[in-house]
Amino acid sequence: MKPRNQTRVSEFILLGLSEETNVQPFLFGLFLSMYLVTFSGNLLIILTIITASHLHTPMYFFIFSLSFTDICFTSTTVPKMLVNIQMQSKVITYEDCITQLYFFLLFATLDHFLLTVMAYDRFVAICHPLHYTVIMNPQFCGLLLLASLLLCALDSLLQSLMILRLSFCTDLEISHFFCELNQILKLACSDTLLNELIMYFVTGLLGVIPLTGILFSYSKIVSSILRISSAEGKSKAFSTCGSHLSVISLFYGTTLGVYLSSAATPNSRVTAIVSVMYTVVTPMLNPFIYSLRNKDIKQGIQKLFT
């Protein structure tokens, strides 16, 4: 059957992770539980940082921003998935799909930039401790966050606007649980070469620059720590960036896993299942990493409840 172009698309069909009816209650319970844990865990980190005066430092300002971003990140996809399962409907309107795509790209890219800014913060704290308060002043921290947000907003706006120029075929089924950019491009009947060029160029640029910044910062941090003579000093220096290293490893590890799995198999459903790792699992685990590995956060949580 030859696909027919449509001048106006009103809705897409989100196939989700499984089409089996008996699996849907399990998926609903699983994702509802993970979403509630993600929301409450990150909210706890936010409230702890707000209420604990000893956490009003640049490092915890960026952890606060990361927790807020993680809440927004999961909220762009999981609630819609839960509603669709509960309502036994797989439909998402064209406008809602583009909106979901915009905010998903915005918060996913912002995660990358925040991890880079946090690596720079640790670099200044360990390699230039005497100038830390001067360099990482509140104005500069706010500027870093604002610049990251603006770049991410421009990127997601560009990618979303590029979708609007496409016409789509009669097959409007997205083999995913949210409106993922690659999956939307596969449904287009019109030429997507320009979209793909922009997507790979911008994604590569906004992916390589933050990762390069992280690698450079930690190469300098490791070099600086190795020059510390005492074992206690080395342990203390490593402990200040241990949580951040764990989050970076989890974030980039799951992202790389999704990329490799999508390259290894043409099955979109498998890619959708693997993508749960970085869209849901990683934001859910971040609060546990910071609360278990960070003594100041643990003290702040204890004060919050007492």
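Parameters and conventions
- Residues numbered from 1 in each chain as written.
- Predicted model: local features only at pLDDT ≥ 70, side-chain atom pairs only at ≥ 80, totals over all residues.
- Heavy atoms only, no water.
- UniProt positions renumbered as here; feature names shortened; annotations may be inferred.
- Helix = DSSP H or I, 4+ residues; strand = E, 2+ residues; numbered from the N terminus.
- Patch = residues over 30% accessible without salt bridge, like charges linked within 9 Å, V, L, I, M, F, W, Y side chains within 5 Å.
- Areas by Shrake-Rupley, 256 points an atom, 1.4 Å probe, with all protein chains shown as cover.
- Salt bridge = Lys/Arg side-chain N within 4 Å of Asp/Glu carboxyl O.
- Buried < 20%, exposed > 50% of the residue type's maximum accessible area, 1.4 Å probe, protein only.
- Pairing = 2+ DSSP bridges.
- Contact = heavy atoms within 4.5 Å.
- Axes fitted to C-alpha atoms, helices over the stretch in contact; angles between N-to-C directions.
- Expected span 1.5 Å × (residues − 1).
- Parallel < 35°, antiparallel > 145°, perpendicular 65-115°, else oblique.
- Left-handed = near helix turned anticlockwise from the far one by under 90°.
- Nonpolar A, V, L, I, M, F, W, Y, C, P; charged D, E, K, R; others polar.

By the naming in an unreviewed UniProt entry, the protein goes by Olfactory receptor 7A10-like and is assigned to Chrysochloris asiatica. Regarding the protein, the UniProt comment filed under Sequence similarities (unreviewed entry) reads as follows: "Belongs to the G-protein coupled receptor 1 family." In its Subcellular location (unreviewed entry) section, UniProt records this for the protein: "Cell membrane".

1. Quick notes on the UniProt feature "transmembrane region" (unreviewed entry) in the protein
According to UniProt, the positions carrying the feature "transmembrane region" (unreviewed entry) are residues 26–47, 59–78, 98–120, 140–158, 197–216, 237–260 and 272–292. Summarising residues 140–158: 100% helix, 0% strand, and an end-to-end C-alpha distance of 27 Å. The span residues 197–216 carries 100% helix and 0% strand; its end-to-end C-alpha distance comes to 28 Å.

2. Focus on a nonpolar patch on the surface
A cluster of nonpolar residues, Phe 39, Leu 43, Leu 47 and Ile 50, forms a patch on the protein surface that exposes about 320 Å² of accessible area. The residue Leu 47 is located in helix α1 (residues 24–51) in this model. Owing to a relative accessible area of 39%, Leu 47 belongs among the partly exposed residues under this scheme.

3. A few points about the sheet that holds strand β3 (residues 173–174)
The strands making up a sheet associate through hydrogen bonds between their backbones, and the pairing can be parallel or antiparallel. Sheet architecture is open: three strands sit in the order β2-β1-β3, paired in mixed fashion. Lying at the two open borders of the sheet, with one neighbouring strand each, are β2 (91–93) and β3. Relative to β2, helix α4 (residues 94–127) is tilted by about 80 degrees, and along the sheet it contacts β1 (11–14), β2 and β3.

4. Some remarks on the side chain of Asn 84
One can find Asn 84 in helix α3 (residues 78–87). Classification of Asn 84 by relative accessible area gives buried; the value is 10%.

5. Considerations on helix α8 (residues 193–226)
Given 3.6 residues per turn, any residue in an α-helix points the same way as the ones three and four places further on. Between its terminal C-alpha atoms α8 stretches 48 Å, which fits the 50 Å expected from 34 residues at 1.5 Å a residue. Restricting attention to buried positions, one finds in α8 the residues Asn 195, Ile 198, Met 199, Val 202, Leu 206, Pro 210, Ile 214, Ser 217, Tyr 218, Ile 221, Ser 224 and Ile 225.

6. Considering the packing of α1 against α3
The interhelical angle for the contact between α1 and α3, taken along N-to-C directions, is 150 degrees, at an axis separation of 10 Å. Judged by the inter-axis angle, α1 sits roughly antiparallel to α3. The element α1 and its partner α3 pack so that their crossing is left-handed. Contact with α1, carried on its side by Gln 24, Leu 27, Phe 28, Phe 31, Leu 32 and Tyr 35, involves Val 78, Pro 79, Met 81, Leu 82, Ile 85 and Gln 86 of α3 and no other residues of that element. Residues of the contact of α1 with α3, tallied by class, amount to 10 nonpolar, two polar and no charged.

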